[in-house]
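# Residue-level structure breakdown
Each chain is listed here by its residues.
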Amino acid sequence: MNPGLLAWTALPLYLAGLLKRRFLFAGCLAQAAYLLARGIMLGRIPLIGPHDTLIFLAASLVGFSAFFHASSERGKMFRVSLGAMAALFTVVAMLARPFEGPLPPVLRTYWFELHVGLSFFSYALFGIGAVLGIIYLGQREAALEKSQYRAILSGYLLFSLAMIAGGVWAYLAWGTYWLWTPKELWTSILWLYYSLYLHLRLRPGWYGKKAAIAGAIGFVVVLFTYLGVGLLMKSSHTF
Amino acid sequence: MGFPKNKKALWEILISQGLAVWLLGLEIAILLLGSVVMAKNVSVSGAMSGWIPLSIWLTRGPFALTWWMWTAIFLLALLAINTVCCSTESVRRKKGGLLPLLAPQIIHIGFLLILIAHLVSSLGASKLTGQLPEGALARLPSGLDLFLDKVETGARPNAEVELLSRGNVLKRGVLAPNHPVFFRGYGFYLQDLKMDPFPAAFIEVSREPGAPWALFGAILFTAGTILLVLLKSKQE
């Protein structure tokens, strides 16, 4: 079976997921199988370039959503929003050309794989946080805002771990754990933004609506750090 | 006996979360502006990408390009003071259980250690890059000699090196991408290899004194965050 077909299969599954949640997970499995097949074919972790990373992000979004199960009306909104996001990321991923070449020697290390994998897991959790925050703004159920906080705090942990893995990798590859490129600056901005969110939420009057908005805006910073910096600013990172 | 009134007011400001929020917000704004300055001045960005220590870039670079970093450092210094004061006050008040009290303080200590790491590195980091032909010896500023014994290209490019002092071999090692050799605070990195017109290696000798601080800080920061996630998952 052509692995590319598996990647495309995820799209109708995500669209069907707008109606039934189980299709979302079927789409996630299809993309996981695609990435696995691609990894075996290439002999490396397939996480280079927008094609691979967007598929990884779409699958992670849906995969992590299993931990934020919600039933009833708010569950429907959650499912529809995630399905639409995953489908959109999949379409953009399929339009991007996959990177088939071998990895440059400096990228052949578990630290790089850990750095990229954890980064996208954290982006997915921040995305889930944004979705939950937006739904909260419409429905005002405290449980949604609490779930948003849980998603963002977990994403913050994984993002911090990703930065540590990146620092160790940079130290072993270039002799320094930090490079002052626009990508690293935006990584700092993203990390500081969610640090700000976590502090804001502790402030009187910020719990609830304002925190939900701040958490949702965070995903805009995520998307700019991930895609915008690469497109608009020169950097050593090209994800 | 307590603080005089104005000192107490200053203390209240220094321990406040409100100050942390403002400083974080301003830091984000400054770094955002800095990223635009860096993107518009690629040569500056290149020099900042680890080629020279931060302190040298800051003191020798034109202020029109470095102002944002000076401002960012100033704000981080205030944030560090705020973090120390906030943690001190939290421990003094001892509200809540032991673990909920400890988790944010562990994160704060990790954060402060990472800031110290950047400070130490920006003052004491050094980098030296050069081409060394196979069979040649290079004298390093530290007084050590670096000898390139053998280079190998192909699937696993590497360079065999020896570090010597007055003709005595102190350390032997194999340099490969992502596999440096460390000796007396210096890291020896293989940047590139070539076989024409003669076999040679491009080797970087780097000193990053903040690295252990950064690693220790990062471990503490992560440990504190994991603890916080566990506690909050129970609470929320």
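Residues numbered from 1 in each chain as written. Chains lettered and ligands numbered in written order. Predicted model: local features only at pLDDT ≥ 70, side-chain atom pairs only at ≥ 80, totals over all residues. Heavy atoms only, no water.

### Structural notes on the domain arrangement of chain B
As assigned here, chain B comprises domain 1 (5-93) and domain 2 (126-207). Between the C-alpha centres of domain 1 of chain B and domain 2 of chain B there is a distance of 37 Å. (Domains from an automatic or database assignment.)

### Observations concerning the sheet that holds strand S3 (residues 145-152) of chain B
Residues and elements named next belong to chain B. Sheet architecture is open: 4 strands sit in the order S2-S3-S4-S5, paired in antiparallel fashion. Looking at strand neighbours, the two that pair on one side only are strand S2 (137-139) and strand S5 (168-175), the edges of this open sheet. Strand-to-strand twist of the sheet, defined as the mean angle between neighbouring strand axes without regard to direction, takes the value 25°. As judged from the 7 bridges shared by S3 and strand S4 (residues 158-165), these two strands associate in the antiparallel manner. (Pairing = 2+ DSSP bridges. Helix = DSSP H or I, 4+ residues; strand = E, 2+ residues; numbered from the N terminus. Axes fitted to C-alpha atoms, helices over the stretch in contact; angles between N-to-C directions.)

### Some details on the packing of helix H5 (residues 110-139) of chain A against helix H6 (residues 142-174) of chain A
Residues and elements named next belong to chain A. Packing of H5 against H6 brings their axes to within 7 Å, and their N-to-C directions diverge by 160°. Between H5 and H6, the angle falls in the class roughly antiparallel. Crossing of H5 over H6 shows left-handed handedness. Within the contact of H5 with H6, the residues separate by chemical class into 25 nonpolar, 11 polar and 1 charged. (Parallel < 35°, antiparallel > 145°, perpendicular 65-115°, else oblique. Left-handed = near helix turned anticlockwise from the far one by under 90°. Nonpolar A, V, L, I, M, F, W, Y, C, P; charged D, E, K, R; others polar.)

### Here's the deal with the environment of Leu175(B)
Residues and elements named next belong to chain B. Examined against the element boundaries, Leu-175 turns out to sit in strand S5. Of the residues examined, Leu-175 reaches a relative accessible area of 0% and is grouped as buried. Considered as a pair, Leu-175 and Ala-159 are 16 residues apart in the sequence and their alpha carbons are 5.1 Å apart. Those residues in contact with Leu-175 that sit more than four places away from it in its chain are Pro-157, Asn-158, Ala-159, Val-161, Pro-180, Val-181, Phe-188, Tyr-189, Leu-190 and Ile-203. (Buried < 20%, exposed > 50% of the residue type's maximum accessible area, 1.4 Å probe, protein only. Contact = heavy atoms within 4.5 Å.)

### Details of the pairing of strand S8 (residues 200-207) of chain B
Residue and element names in this part refer to chain B. Burial analysis of S8 places 6 of its 8 residues in the buried class, which makes it a mostly covered element. Examined bridge by bridge, strand S1 (residues 126-133) and S8 share 8 bridges and lie antiparallel to one another. Looking across to S8, one finds that Leu-132 is bridged to Ala-201. Linkage of strand S7 (residues 186-194) to S8, two consecutive antiparallel strands, is achieved through a turn of 5 residues.

### Let's talk about the pairing of S4(B)
Residues and elements named next belong to chain B. Counted residue by residue, S4 has 6 buried out of 8 residues, so it is predominantly covered. The antiparallel hairpin formed by S3 and S4 contains 5 residues in its connecting segment, where Gly-154 sits at a positive phi of about 100°. Inspection of the sheet shows S4 paired to S5 by 7 bridges, in the antiparallel sense. Counted as the bridge partner of Val-161 is Gly-173 from S5. Between the antiparallel neighbours S4 and S5 lie 2 residues, among them Arg-166 with a positive phi of about 50°.

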